[in-house]
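# Residue-level structural notes
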Amino acid sequence: MERLSGLDASFLYLETPAQLMHVCSVMVLDQSTMPGGYSFAEFRATLDARVRKVPQFTRKIRRVPLDLGHPVWVSDDHFAVDHHLHRMALPQPAGYAELMEICGHLAGQPMNRARPLWEMYVIEGYKDAAGVEKLVVFTKMHHATVDGASGANLISYLCSLEPDAPPLATDEIPMDGSSPSSLELFGRGVFSTLTRPLSIPRMLGPSVGLITETISRARKGIAMAPPLTAPRTSFNGTITGDRTIAVADMDLEDIKAVRRATGATVNDIVLSIAGGALRDYLIDRDELPEGSLLASVPVSVRGESKRDGGANKVSALFAYLGTDVEDPLERLRQITEANAKAKEHHKAIPADTLQDWAEFAAPRTFGLAVRAYADLRLAEKHPVVHNLVISNVPGPPIPLYFMGARIDGMYPLGPVFHGAGVNITVLSNNGVVHVGIIASEASVRNPETMVGHFPAELARLKAEVEVLNAEASAADESAADESAADDARTEDSSSEVP
């Protein structure tokens, strides 16, 4: 048995019929690499053998009576892979549009909380733009189980470096299989409730220090972008349970070329591309606000956290996306400068601050507050906290194989929230940058028009960089020619007979 951390439990209670807190992914696989060819029976058998070695796939939640404390993880004594692995085929002819439609439908379905919180769908019959048939795997894992970093670790138990090689991680993770009685859980919940106020002094010190530090940085102009300053857009209202999905690819080498020319980080460039893409999308809809859109950017604190338990070790920083700036190079310059300040500001925030406050929140009270927030449609009435969530996830620089099939596309998709109905995740994989967009249908009915601006914006940024490089080369050549001319004049002068 293992108690859910406060942050992990918070993701459970954040969930409403419209606000689903699972993390999804679309994997496009080349089934021709599978030893012996694709067979669903073999796929199922291999997956079953691998997930049984990892507790995150075979444990389920058990709630404390009266929700007096955070739930606990217990082993599912009746685990069966068939409860989680499903098979379907797209109607023919099937292409990108049909695939995105079915993935959006699956993303909008809640998971059965009486079982381990993950699902996987093998989708057959998809043909890519070149007409080549590919296998697609759509996955869902609840955010209480994984964050970005822990999700990548779980993938290592399912992926390999060669089609017929063992998975990257082969060790079996032990788990305490004990299951407490309801009376024991109730007693723990009562104790937790009575002792919760004792944690207030421990949290107030760092929190007050954080407020003081933030005010000081704001006065000096070196603070990160503040929340509650985002302009209102069509993304920022009460969401529904329907989901729309779109994906696109960009060339990682193009991003590296921009990085070499400008000195910006890959994350800076990704945010700049997102800003330009969203700017064009909103201009097309005649919705571009005067002020810049504000994004919440999840940040892993796994290496900084002092807590041992918990699947989620994340914080967040806020970043303006420069949607009010037309020139892509100027947008990138502003974002690079602002992100440097935001990172320094974020370092001043204790890594476990979010976790500490999540531990303090009473589960039942927290859940009721979230539902009241949705029912009263408060997201439409108060200032906008942030417009959307953007994540940049570094992936493997080499090919990976999932159950023997080469991964040609890996598109992570995070949750969306009341007040921020769009989530954009960018992941690099074997020289390709995959962009995944998931949204509430009430916020973005056709995300394909949005995601299409990403490769176009990168091409525009690269073209501007090439012009910049050409001007710099011309200036260098001109300087070299001038220097050579000066040397020649000096030699002529020194050779004159007095």
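Just above sits the structure.
Just so we're clear, the structure is a prediction, and the values are computed from it rather than from any experiment.

### Thoughts on the packing of aromatic side chains
Under the defined criterion, the tally for this structure stands at 3 aromatic pairs. Between the aromatic rings of Phe43 and Phe402, the centroid separation amounts to 6.0 Å while the plane-to-plane angle is 50°, which identifies the pairing as tilted. Note that Phe43 is positioned in helix α2 (residues 40-51) and Phe402 in strand β13 (residues 401-402), a separation of 359 residues in sequence. Comparing Phe43 with Phe402, the two get one shared label, buried. Between Phe57 and Trp118 the ring centres are 5.2 Å apart and the planes differ by 80°, which places this aromatic pair in the edge-to-face class. Highlighted residues: Phe57 in helix α3 (residues 55-58) and Trp118 in strand β6 (residues 118-127), separated in sequence by 61 residues. On the basis of relative accessibility, which here comes to 2%, the residue Trp118 falls in the buried class. Here the basic side chain of Arg59 rests over the ring of Trp73, its NZ or CZ set 4.2 Å away from the ring centre.

### Details of the nonpolar core
Formed by 49 residues in total, the largest nonpolar core has its most connected members in Phe235, Leu388, Val422, Ile424, Met450 and Phe454. Looking at which element gives the most residues to this core, the answer is helix α9 (residues 266-284), with 9 residues. The contact partners of Met450, leaving out residues within four places of it in the chain, are Phe235, Leu278, Tyr281, Val422, Ile424, Ile437 and Val444. Residues Phe40, Phe57, Trp118 and Leu154 belong to the second largest nonpolar core, which totals 31 residues.

### Here we look at the sheet that holds strand β7 (residues 133-142)
Read across the open sheet, the 7 strands follow the order β5-β6-β7-β2-β14-β13-β8; overall the sheet is mixed. The open sheet has two edge strands, β5 (85-89) and β8 (159-160), and neither has a second partner. Relative to the sheet, α2 contacts β5, β6, β7, β8 and β13, its axis offset from that of β6 by approximately 155°. Its contacts with the sheet place helix α4 (residues 96-107) against β2 (22-30), β5, β6 and β7, and it is angled at close to 165° to β6.

### Notes on α2
In a regular helix each residue adds 1.5 Å, so 12 residues correspond to 16 Å; α2 covers 16 Å between its end C-alpha atoms and thus fits that length. Of the residues making up α2, those classed as buried are Phe40, Phe43, Leu47, Asp48, Arg50 and Val51. Looking at the buried side of α2, the elements it contacts are α3, β5, β6, β7, β8 and β13.

### Considering unusual backbone geometry
The linkage connecting Gln92 with the following residue, Pro93, adopts the cis geometry, with an omega of -5°. Mapped onto the fold, Pro93 is located in the loop between β5 and α4. Not every positive phi belongs to a glycine, and Leu228 is a case in point at roughly 70°. Along the chain, Leu228 falls in the loop between α7 (200-220) and β9 (243-251).

The rules behind each value
Residues numbered from 1 in each chain as written. Predicted model: local features only at pLDDT ≥ 70, side-chain atom pairs only at ≥ 80, totals over all residues. Heavy atoms only, no water. Phe/Tyr/Trp six-rings, centres within 6.5 Å; stacked < 30°, edge-to-face > 60°. Helix = DSSP H or I, 4+ residues; strand = E, 2+ residues; numbered from the N terminus. Buried < 20%, exposed > 50% of the residue type's maximum accessible area, 1.4 Å probe, protein only. Lys NZ or Arg CZ within 6 Å of the ring centre and 35° of its normal. Core = buried A, V, L, I, M, F, W, Y, C linked by side-chain atoms within 4.5 Å. Contact = heavy atoms within 4.5 Å. Pairing = 2+ DSSP bridges. Axes fitted to C-alpha atoms, helices over the stretch in contact; angles between N-to-C directions. Expected span 1.5 Å × (residues − 1).

So, to be careful, I would describe these as geometric facts and stop short of saying anything about function.
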